[in-house]
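Residues per chain are reported as follows:
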Amino acid sequence: EYEREPGTLVTSPTQLPGQSFSNSFKVAQQSILGRVDDQINANNRLTVRLSRWNWNNPFILGAGGHPSNASIQDKLSRDLLGTWSKVMGNGRMIQEVRAGYASFNWTNLPQDSMVGVPEYDFPGLTIGAPYNYPQYHTGGTWSGRYDLSVHKDKHDLKMGAEYLRVHDTGDWYI
């Protein structure tokens, strides 16, 4: 799926009476989702799910802000999950194994024309590139999980284990 959302931002900073600024932009969003389910045999089932989402806005500005303080923002999400289920022991035991990866990345940048320009703060007015940009973030998590359920007479026993490896990197300033 691909979406484009054209827009125009009109802003009139209160500290600059009589001045207004108009900027056109186009927000783009792409997403895809895929899923495969397979009943391998009477006791085994396999599921794989994949998704990706990308979002881009080339002109983000707070209400009443000066256009020199606008930013470019990108976001990207990717996910993959595989699940294998197996029925054992004449239906008394069920095991499930899951493995996956999930990531979320984002980038916040000043407008190209404002790279290297400092931010100036006045009462009620900020001019220049955002002081805390550029920002780059990359994060991803590997996961694994094992679950076993055992049923005997009127009793159920459930046990499992989970593994997560989280990796976050990037430069972003508050």
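Figured I'd write up the structure that's included with this text. The structure presented is a predicted model; accordingly, all values stated were derived computationally and were not measured. Residues take numbers from 1 onward in each chain, read along the sequence in its written order. Since the coordinates come from a predicted model, pLDDT governs what is reported: local features require at least 70, and pairs of side-chain atoms require 80 or more to be given and counted, while whole-chain, interface and lining totals use all residues. Only heavy atoms go into the side-chain values, all of them from the structure, while hydrogens and water stay out.

Describing the pairing of strand β4 (residues 71-88)
The criterion, for reference: Should DSSP find at least two bridges between two strands, the strands are regarded as paired. For the purposes of this entry, the term helix denotes a DSSP run of H or I that reaches at least four residues, the term strand denotes a run of E that reaches at least two, and both are numbered from the N terminus.
Here 15 bridges tie strand β3 (residues 44-60) to β4, and the two strands are oriented antiparallel to one another. Considered in β4, the bridge of N56 is made with D74. Across 18 bridges, the pairing between β4 and strand β5 (residues 93-110) is antiparallel. Bridging across to β5, S71 finds its partner in P110. In textbook terms, the turn of a hairpin is the stretch between consecutive antiparallel strands, and for β4 and β5 this stretch comprises four residues, one of which, G89, has a positive phi near 60 degrees.

Thoughts on the nonpolar core
Test applied: To define a nonpolar core, start from buried Ala, Val, Leu, Ile, Met, Phe, Trp, Tyr and Cys residues and group those joined through side-chain atoms within 4.5 Å. Relative accessibility decides the category of a residue: with a 1.4 Å probe and only protein chains considered, values under 20% of the type maximum give buried, values over 50% give exposed, and everything between is partly exposed. It only takes one pair of heavy atoms within 4.5 Å for two residues to be counted as in contact.
Within the largest apolar cluster, six residues are counted, these being F25, V27, W55, F59, L61 and A70. Mapped onto this core, the elements with two or more residues apiece are β2 (21-41) and β3. When near neighbours in sequence (up to four residues on either side) are disregarded, W55 contacts V27, A28, Q29, I60, Q73, D74 and K75.

Digging into the sheet that holds strand β9 (residues 155-171)
What counts, and what does not: Helix axes are fitted to C-alpha atoms over the stretch in contact, other axes to C-alpha atoms as well, and angles between N-to-C directions run from 0 to 180 degrees.
The strand order across the open sheet formed by seven strands is β1-β2-β3-β4-β5-β8-β9, and the pairing between neighbours is antiparallel. On the outer flanks of this sheet lie β1 (2-11) and β9, each paired with one strand and no other. In this sheet, adjacent strand axes meet at a mean angle of 10 degrees when their direction is disregarded. In this sheet, strand β8 (residues 135-152) lies alongside β5 in antiparallel orientation, the contact comprising 16 bridges. Paired with W106 across the two strands is H137, which belongs to β8.

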